[in-house]
Amino acid sequence: MTRRTVLTAAATGAGGVGFMLALGWWRSPEPKAFDLLPLPLSEMDFTLTDHRGVSVTPQDWLGRPLLAFFGFTFCPDVCPTTLNDISDWLADLGPEADRLAVALISVNPERDTPQLLADYVSNFDPRITGYTGTPDQLARTAEGFRAKFEKIPTGDGDYTMNHTAGVFLFHPDGRFGGIIDFHEDRRFALPKIRRILG
């Protein structure tokens, strides 16, 4: 067998192994990376109520870049820190920030009424709107965003909420535009926002 024949056989074998691995990955019941990305807003299906009592759907956010964060009003640190960060980003963006829709989506519908959300978001930039809904509505919302949340008992008869802490970014046409991680430096956060502003 010549050297060329050996190399051809090896390449064919490697290609076959690569194909079988790819096929196995495709057929695997495990979620794939693209299954973990948020859906485009145009493919989400939920209804929420904003802190003014107005019903909204994902389609109401189309046409503007969106920053969306999951949190709750009794959150001790992550939520107020992130909302302060968002307020700072909006201030840094100047007049450009007026083009953004900015959403705080509650993960605690048992407590977070529209009025309580209105009081809470009044502590931050006025362009931030709070949203709540029924447990089923919020579960459908989180599913579309690929966000997670759960109630955690605190041992004193009360509870807190664990939840996804990143800020989701969407382009005006509803395409997912990335995530700003919790406590991400504004040197990196602001360029991400400017990309969805176009």
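For clarity, every value in this text was computed on a predicted model and none was experimentally measured.

(A) Here's a closer look at the overall build of the chain. Looking only at helices and strands, the chain features 5 helices and 9 strands. For the chain, the N- to C-terminal ordering of α and β elements is α-β-β-β-α-β-α-β-α-β-β-β-β-α. Looking at the chain residue by residue over its 198 residues, the buried ones come to 39%. Counting contacts in the chain only where the partners sit at least 6 residues apart, residues at least 24 apart contribute 68% of the total. Summed over its atoms, the accessible surface of the chain is roughly 10,900 Å², and 57% of this surface lies on carbon and sulfur atoms.

(B) How the structure looks around the environment of V121. Position of V121 among the secondary structure elements: in helix α3 (residues 114-121). Once the C-alpha coordinates of V121 and L83 are considered, the two residues, 38 residues apart in sequence, prove to be 8.5 Å apart. Those residues in contact with V121 that lie beyond four places of it in its chain are H51, L104, I128 and G130.

(C) Seen up close, the layout of surface pockets. Reported here for the largest pocket is a volume of approximately 200 Å³. Around the largest pocket, the lining comprises 14 residues; the ones closest to its centre are W61, R64, A101, T129 and Y131. Where the lining of the largest pocket is concerned, the elements lending two or more residues are β4 (101-106) and β5 (128-132). Ranked by residues supplied to the lining of the largest pocket, first place goes to β4 with 3 residues. Residue composition of the lining of the largest pocket, grouped by class: 8 nonpolar, 1 polar and 5 charged.

(D) Broad picture of unusual backbone geometry. Even without a glycine there, the phi angle at R146 is positive, about 60°. Residue position: R146 is located in the loop between α4 (135-145) and β6 (149-153). Of note in this structure, H183 is not a glycine but carries a positive phi near 65°. Along the chain, H183 falls in the loop between β9 (176-180) and α5 (186-197).

Definitions and limits used
- Residues numbered from 1 in each chain as written.
- Predicted model: local features only at pLDDT ≥ 70, side-chain atom pairs only at ≥ 80, totals over all residues.
- Heavy atoms only, no water.
- Helix = DSSP H or I, 4+ residues; strand = E, 2+ residues; numbered from the N terminus.
- Buried < 20%, exposed > 50% of the residue type's maximum accessible area, 1.4 Å probe, protein only.
- Contact = heavy atoms within 4.5 Å.
- Areas by Shrake-Rupley, 256 points an atom, 1.4 Å probe, with all protein chains shown as cover.
- 1 Å grid on protein atoms, 1.4 Å probe; cavity = no way out; pocket = protein on both sides within 12 Å on 5 of 7 lines; lining within 4 Å.
- Points joined across faces, edges and corners; volume = space filled by probe spheres on them.
- Nonpolar A, V, L, I, M, F, W, Y, C, P; charged D, E, K, R; others polar.

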